[in-house]
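Structural description and commentary
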Amino acid sequence: MSKATHILLITSAIISIGAVLLWQGTGGDYYTKFQVVEQVERKIDPNDPLAAAGFYDTESTVETVRRDEFRFGLLPTPSGLFDRHILAVLSVAGPFWGITFISIFVDLKRRRKS
Amino acid sequence: MLSILFLYGIHTTAMVAEDASGDRMMFYVNDPAGRNAVVFKSEAPLEDIVGTTGNISGYMAFDPTNPNAGGSGKFMVPVASLDSGIPLRDEHIQGEAWLNAAAYPMIVLTIDELKDITEVKKTDEAQTYDVVAAGTFTLHGVTKAIEVPGRITYLRENDATSKRLPGHILAARSEFTVALEDYRIAGAPGIVGSKVGETIDIEVSIMGSTGSEKPAME
């Protein structure tokens, strides 16, 4: 294996580990998100006229919120080439591994010839 | 993915005429602040999806002086307004394989009758009832009869209510489930049952008021 291939291999491994750590550190979702839609428990304001009227069964209710939050996903979901949703473990680490495998393949071919 | 949403009502020019009872108040669902919410949830082995929209318009007709006379309503949600937090997924939801927004741009819930009306709480200022709303649900161009449980609360106009909406208020909430197959939504091959549930849970929480503008919906 050539020195260049060695460097590519190590670089790919480092980038992959970094991407996986970022993926896990930001929630471990399948898809990259810049906005999260999720349901959260909210305590009902006792002064809410609806609460006083019996609209709710309990002292808290589930509310669906949308908030800006970055989650680095395993897979990209871009609507176009320049869409920021193209960022993901696969799209970041994948090209490095692609180049690395090509480099390994070329090295092997050269070795067989020689 | 699909969502589901609904809305009451809509052909604005015919709204009052649609109400069978002339004694019912008309509560228009048209909150410019977007505080009304329809939430759709899909649970599948590979992925759980939560989406929402605040783009709901329509009306509810109800007579708080005679609650047992029932009520009616109609709610509409544009398919294009559904937001799952991932733009590409939203595009897929609106696409031909799923909700086909181009051909069927609206999701509509029409309430023809309120039945099984049970009083939960009643004061001089407010009335709350558990009800079963019977009507039709239109999704993906398919209209089916539906009965959904819900709770409605009437609030007489006062200083507190005027901070939220003008006029008397009628709030409603409901949770129900629809099966994609019932509405001929096949989705992309291999997705339903793995990444998207075969049924979608829908939660609706809306407020209409007598002082709100009639929604301009088509």
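Basis of the calculations
Residues numbered from 1 in each chain as written. Chains lettered and ligands numbered in written order. Predicted model: local features only at pLDDT ≥ 70, side-chain atom pairs only at ≥ 80, totals over all residues. Pairing = 2+ DSSP bridges. Helix = DSSP H or I, 4+ residues; strand = E, 2+ residues; numbered from the N terminus. Contact = placed C-beta atoms within 7 Å. pLDDT = per-residue confidence, 0-100.

1. A word on the pairing of strand β9 (residues 169-179) of chain B
Residue and element names in this part refer to chain B.
- The pairing of strand β8 (residues 142-155) with β9 spans six bridges and is antiparallel. When the sheet's bridge partners are listed, R151 is paired in β9 with R173.
- In the sheet, β9 pairs with strand β10 (residues 199-209) via 11 bridges, with the strands oriented antiparallel. Bridge pairing in β10 places T177 opposite D201.

2. Let's talk about the environment of B:G150
Residue and element names in this part refer to chain B.
- With respect to the helices and strands, G150 occurs in strand β8.
- Sequence separation of G150 and V192 is 42 residues, and the distance between their C-alpha atoms is 28 Å.
- Sequence-distant contacts of G150, that is, excluding residues within four places in its chain, are made with V131, A133, A172, R173 and S174.

3. Considering the environment of A:S103
Residue and element names in this part refer to chain A.
- Inspection of the secondary structure assignment puts S103 in helix α3 (residues 89-113).
- A C-alpha to C-alpha distance of 64 Å links S103 and D57, two positions 46 residues apart in sequence.
- Each residue touching S103, except ones within four places of it in the same chain, is listed here: A4, T5 and L8.

4. Details of the confidence of the model for chain B
Residue and element names in this part refer to chain B.
- Residue-level pLDDT values for chain B average 88, and 89% of them are 70 or greater.
- The low-confidence segment residues 1-18, where pLDDT is below 50, has 77 contacts with residues more than four positions distant or belonging to other chains.
- Two numbers describe this predicted complex: its pTM, 0.83, and its ipTM, 0.78.

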